[in-house]
Amino acid sequence: MKPRRKRVLMGAGVAAVLAAGTAGVLSANASETTPAATVAEAAGDNLRQTTHLSVDAASKAAQAALDAAEKEGQRVSVAVVDRNGNTVLTLRGDGAGPQSYAAAEKKAFTAVSWNAPTSELVKRLESAPTLKDIPGTLFLAGGAPVAADGAPIAGIGVAGAPSGDLDEKFAKAGVAALEQ
């Protein structure tokens, strides 16, 4: 998958620079100062590197999903969320129903949260029906995860077609656009 970028949260060198700068800011602005050693402890093994879709890649995926739906005469909304479930962008297609916008976001969130298409997650409700009670989730077909090296980095949700199978087909078209 080409359109991805790695975002380094903080490296050891950056931590040292920030620690020195932060200590000065804290002592100037806070009623209690924080020793530089305490600030610098956040470096090293306490930090993680994560992979996120760029905004351009998210736009490409969303547009591919919307185009796939329009080719079949469907009026849908498409949402792309990042690994943390935060909405990167949402496209409301011409004529898409008012409920489709929020439903697309929830499907995308659900897909990335479990790194699985939402159609598969619907089946899990049989053995764990309380999954549906988790805030922000929607267990209907139409969400597809985007993964890099097997780990979820984004979710694409589509809502508004007459069936979840169609919604999911369009979401997968968005994922496929990122693999080109």
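Residues numbered from 1 in each chain as written. Predicted model: local features only at pLDDT ≥ 70, side-chain atom pairs only at ≥ 80, totals over all residues. Heavy atoms only, no water.

J.: Help me understand the overall build of the protein, please; the structure alone is not making it clear to me.
T.: Scanning the protein for helices and strands turns up six helices and six strands. Listing each helix as α and each strand as β along the protein from the N terminus yields β-α-α-β-α-β-β-α-α-β-β-α. The 180 residues of the protein split such that 39% are buried. (Helix = DSSP H or I, 4+ residues; strand = E, 2+ residues; numbered from the N terminus. Buried < 20%, exposed > 50% of the residue type's maximum accessible area, 1.4 Å probe, protein only.)

J.: What am I meant to see in the packing of helix α3 (residues 55-71) against helix α6 (residues 164-178) here?
T.: When two helices pack together, their arrangement is given by the angle between the helix axes and by the axis-to-axis distance. Two numbers describe how α3 lies on α6: the axes approach to 7 Å, and their chain directions differ by 140°. The angle between the axes of α3 and α6 places the two elements in the oblique class. Of the two possible hands of crossing, α3 and α6 adopt the one that is right-handed. Touching Ala57, Lys60, Ala61, Ala64, Ala65, Ala68 and Ala69 of α3 are Phe170, Ala173, Gly174, Ala177 and Leu178, all from α6. (Axes fitted to C-alpha atoms, helices over the stretch in contact; angles between N-to-C directions. Parallel < 35°, antiparallel > 145°, perpendicular 65-115°, else oblique. Left-handed = near helix turned anticlockwise from the far one by under 90°. Contact = heavy atoms within 4.5 Å.)

J.: Any chance you could explain the pairing of strand β3 (residues 77-82) here in plain terms?
T.: Along any regular strand, the residues point their side chains to alternate faces of the sheet. Counted residue by residue, β3 has six buried out of six residues, so it is predominantly covered. Residues Ser77, Ala79 and Val81 of β3 are buried on one face, and the alternating residues Val78, Val80 and Asp82, pointing to the opposite face, are buried as well. In this structure, β3 lies alongside strand β4 (residues 87-92), joined through five bridges in antiparallel fashion. Looking across to β4, one finds that Ser77 is bridged to Arg92. Linking β3 back to β4 in an antiparallel pair, the connection comprises four residues, with Gly85 at a positive phi of about 85°. (Pairing = 2+ DSSP bridges.)

J.: For this particular structure, what's the right way to read the nonpolar core?
T.: Leu53, Val76, Val78, Val146, Ile156 and Val158 are the most contacted members of the largest nonpolar core, which totals 25 residues. Elements with a minimum of two residues in this core: α3, β3, β5 (143-148), β6 (151-159) and α6. Ranked by residues supplied to this core, first place goes to α3 with eight residues. (Core = buried A, V, L, I, M, F, W, Y, C linked by side-chain atoms within 4.5 Å.)

J.: Hey, could you run me through the confidence of the model for the protein in this one?
T.: The predicted structure's coordinates, where accompanied by low pLDDT, should not be read in detail. Model confidence for the protein is summarised by a mean pLDDT of 83, while 76% of its residues fall at 70 or above. In the model, residues 1-31 has pLDDT below 50 throughout and makes 40 contacts with residues more than four positions away in sequence or in other chains. (pLDDT = per-residue confidence, 0-100.)

J.: Help me understand the pattern of salt bridges, please; the structure alone is not making it clear to me.
T.: Where side chains of opposite charge bring their charged atoms close, a pairing between them can arise. The full count for this structure, using the stated rule, is four salt bridges. Of the charged contacts, one joins Lys169 and Glu72 as a salt bridge, the two residues approaching to 2.5 Å between their closest N and O atoms. Here Lys169 is found in helix α6, whereas its partner Glu72 is found in the loop between α3 and β3, with 97 residues between them in sequence. Taking the relative accessible area as the measure of exposure, Glu72 reaches 36% and is therefore partly exposed. (Salt bridge = Lys/Arg side-chain N within 4 Å of Asp/Glu carboxyl O.)

J.: How should α6 be read in this particular structure?
T.: An α-helical turn contains 3.6 residues, so a residue and the one three or four places further along point in the same direction. Its 15 residues place the ends of α6 22 Å apart at the C-alpha level, agreeing with the 21 Å of an ideal helix rising 1.5 Å per residue. Among the residues of α6, those classed as buried are Asp167, Glu168, Phe170, Ala171, Gly174, Val175, Ala177 and Leu178. On its buried face, α6 is in contact with β2 (49-53), α3, α4 (100-114), α5 (118-124), β5 and β6. (Expected span 1.5 Å × (residues − 1).)

J.: Can you walk me through unusual backbone geometry in this structure?
T.: Most peptide bonds take the trans form, and the phi angle of most residues other than glycine is negative. At Asn115, a residue that is not glycine, the phi angle is positive and equals roughly 50°. Mapped onto the fold, Asn115 is located in the loop between α4 and α5. Phi at Asp149 takes a positive value of approximately 55°, unusual for a residue other than glycine. Among the secondary structure elements, Asp149 is positioned in the loop between β5 and β6. Judged by relative accessible area, Asp149 falls into the exposed class, the value being 72%.

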